[in-house]
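# What the coordinates show
What follows is the residue order along each chain.
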Amino acid sequence: MTTAVTRSAAARRGLSTGLRPTSKVLPEHARAHNRSLVLQHLFHEGPTSRADLARATSLTRVTISDLVSVLIAEGLVEELGIRPGQRVGKPAILIGMRTSAYQIVSVDLTDDALMRGAVMSLTGDFVVRQSLAIEGRAGTELVDLLTRFCRGLIAVATRPVLGVGIGSPGVVDTAGRVIEAPNRRWYDVPLAEQLAESLALPVHVANDANIAALGEFTFGGADGTGLMVLTVGEGVGAGIMLDGSRVRGAVDAAGELGHVTVVDDGLPCACGRTGCLETVLSVPALRRAVEGLDKEASDAVLASVGRLLGIALAPVVSALNLGEILISGPADLLDGPLRDAAIDTINARTMPAINAGLELRMASLDEDVVLAGAAVLILSGQLGVS
């Protein structure tokens, strides 16, 4: 199922928040910004009256009335009747977001062997889950397989689909172009554009670790003021949010912690270098390291890896003043000696003023964190909601 609810690229950009604006604010940017304010409030706070919406967003009642009329026509908002219990004055009609009227298709490409997908509600609930073996496919063959997988998910949706969100390994730019994903043999692949053309739906693609942070921020209750989500699987990556915004970096590669060297003369890494954090912290590396060991020896090995992780994280914590670090991956390996050693090392290598409130814990969304983040890509890209 498909829907006509789309936004122009210019409107999706919204108002500039840069310190040195280089162009004037165009009317369509202001409209998109105001639209986002309204939907954001309704999404997070629930039904409210037009008057209360005007007060909460600091928009005029005329602007709110016009926006609500447009959103009702688009099928995103509806009138829910008179506020219960009101006895004095003109009855206030409540306005609510139609979160059950549309669905989102999310795809997680983190696993080398399996692509995982879901049809999700706008509020992050799972409607349908599916998975498909990759069977060694890469390059164009993998794009074709992904296209078929997405079509299958769209076909089983029970509501119009707002868009398709995809979390991919590698470096992905803001247009959804995969600049480099060596394990997928994707180099300069305009993945979002190709899929949007094939599926006739809006498609948003971003790095899997980056959108894991979005998932925890929107659906996991994490604070986006200074947040890092560290994803540990076949590889290691990180998504970072500062002051409520996702950090992308100069070449859209922020968060590539897995390829920071932590061991001199260490094991070869897929990136072509040696001793990267990924060579000791990835799930396959950890499984190999503890195989056949008793609990005491296994805990000692995991703690030694945790110290290496803490060494890699300490300068990042200090530079960005992070308040939360969430680890996503197998709890039997990551929660316990490894996590404890990592936070102890960070605390030993940073100022008390920096680490006093730092929390390092397991991610609340567990293995669904990338799928949830892919849904937020669509909420943000199509509705301005996160």
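Calculation criteria
- Here the residue index of a chain counts from 1 through its sequence in written order.
- Local features are withheld for residues below a pLDDT of 70 in this predicted model, meaning they are given only at 70 or higher, and side-chain atom pairs are given and counted only at 80 or more; totals for whole chains, interfaces and linings count all residues.
- The side-chain quantities take in all heavy atoms of the structure and omit both hydrogens and water.
- Should DSSP find at least two bridges between two strands, the strands are taken to pair.
- Numbered from the N terminus, helices here are DSSP runs of H or I no shorter than four residues, and strands are runs of E no shorter than two.
- Residues count as neighbours in contact if any of their non-hydrogen atoms are within 4.5 Å of one another.
- Axis definition: a line fitted to C-alpha atoms, over the contacting stretch in the case of helices. Angles run 0 to 180 degrees between N-to-C directions.
- Salt bridges are defined by distance alone: a side-chain nitrogen of Lys or Arg within 4 Å of a carboxyl oxygen of Asp or Glu.
- Whether a residue is buried, partly exposed or exposed follows from its accessible area with a 1.4 Å probe, protein chains only, as a fraction of its type maximum: under 20%, in between, or over 50%, in that order.
- Given a helix with a known number of residues, its expected span is that number minus one, times 1.5 Å.
- Here the arc refers to the set of directions running from the helix axis out to each C-beta atom.
- Between rings of Phe, Tyr and Trp, where Trp is taken as its six-membered ring, a pair exists when centres lie within 6.5 Å; planes separated by under 30 degrees are stacked, by over 60 edge-to-face, and by other angles tilted.
- Over a ring means this: the NZ of a Lys or the CZ of an Arg is within 6 Å of the ring centre and within 35 degrees of the ring normal.

As annotated in an unreviewed UniProt entry, the protein chain carries the name ROK family transcriptional regulator and is attributed to Oerskovia douganii.

### Remarks on the sheet that holds strand β14 (residues 245-246)
Spatially, the five strands line up as an open sheet ordered β14-β13-β12-β15-β16, and their pairing is mixed. Every interior strand has two partners, whereas the edge strands, β14 and β16 (359-362), have only one. Sheet topology places strand β12 (residues 226-232) next to strand β15 (residues 324-328); five bridges connect them, and they run parallel. Following the sheet pairing, Leu230 is matched in β15 by Ile327. Against the sheet, helix α10 (residues 295-320) makes contact with β12, β13 (236-242) and β15, and its axis sits at roughly 155° relative to β12, the strand it touches most.

### Thoughts on the pattern of salt bridges
Enumeration according to the criterion identifies 16 salt bridges in this entry. Residue Arg129 pairs with Asp368 through a salt bridge whose shortest N-O separation is 2.9 Å. Of the two residues, Arg129 is situated in strand β6 (residues 126-133) and Asp368 in the loop between β16 and α14 (369-383); the sequence distance between them amounts to 239 residues. What makes Arg129 partly exposed here is its relative accessible area of 45%.

### Considerations on helix α4 (residues 61-73)
Residues separated by three or four positions in an α-helix point in the same direction, a consequence of the helix having 3.6 residues per turn. Its 13 residues give α4 an end-to-end C-alpha distance of 18 Å, which sits within 8% of 18 Å, the value for a rise of 1.5 Å per residue. All of the buried residues in α4 are Ile64, Leu67, Val68 and Leu71. Buried residues in α4, looked at end-on, bunch into an arc of 100°, giving them a common side. Summarising the geometry of α4, the exposed residues directed more than 90 degrees from the buried face are Val62 and Ala73. Taken together, the buried residues of α4 touch α2 (27-45), α3 (50-57), β2 (77-82) and β3 (93-97). Just past α4, the residue Gly75 takes up positive phi, approximately 80°.

### Thoughts on the packing of aromatic side chains
Taken as a whole and assessed by the stated rule, the structure comprises zero aromatic pairs. A cation over a ring is seen here: Arg129 above Phe126, with NZ or CZ 3.9 Å from the ring centre.

### A few points about α14
Taking 1.5 Å of rise per residue, 15 residues should cover 21 Å, and α14 covers 20 Å from first to last C-alpha, within 8% of that figure. Of all the 15 residues making up α14, 14 are buried; the element is thus mostly covered by neighbouring parts of the structure.

### Points about the environment of Thr231
Position of Thr231 relative to the elements: it lies in strand β12. Each C-alpha atom of the pair Thr231 and Ala285 lies 14 Å from the other, and the pair is 54 residues apart in sequence. Those residues in contact with Thr231, other than ones at most four positions away along the chain, are Ala209, Ala212, Val236, Gly237 and Ser328.

### Let's talk about the sheet that holds strand β9 (residues 178-181)
Across a sheet, strands are paired by hydrogen bonds formed along the backbone, either parallel or antiparallel in direction. What the three strands build is an open sheet, ordered β8-β9-β10; its pairing is antiparallel. Unpaired on one side and paired on the other, β8 (171-172) and β10 (186-189) mark the two borders of the sheet. Bridging between β8 and β9 involves two bridges; their strand directions are antiparallel. Paired with Val172 across the bridge in β9 is Val178.

### Let's talk about the pairing of strand β7 (residues 161-168)
Along a regular strand, successive side chains alternate from one face of the sheet to the other. Counting buried positions over the eight residues of β7 gives eight, a clear majority of the element. Note: strand β4 (residues 103-108) against β7, six bridges, orientation parallel. Note on β7: the bridge partner recorded for Val105 is Val164. The pairing of β7 with strand β11 (residues 203-207) spans five bridges and is parallel. Within β11, the residue paired with Gly165 across the bridge is His204.

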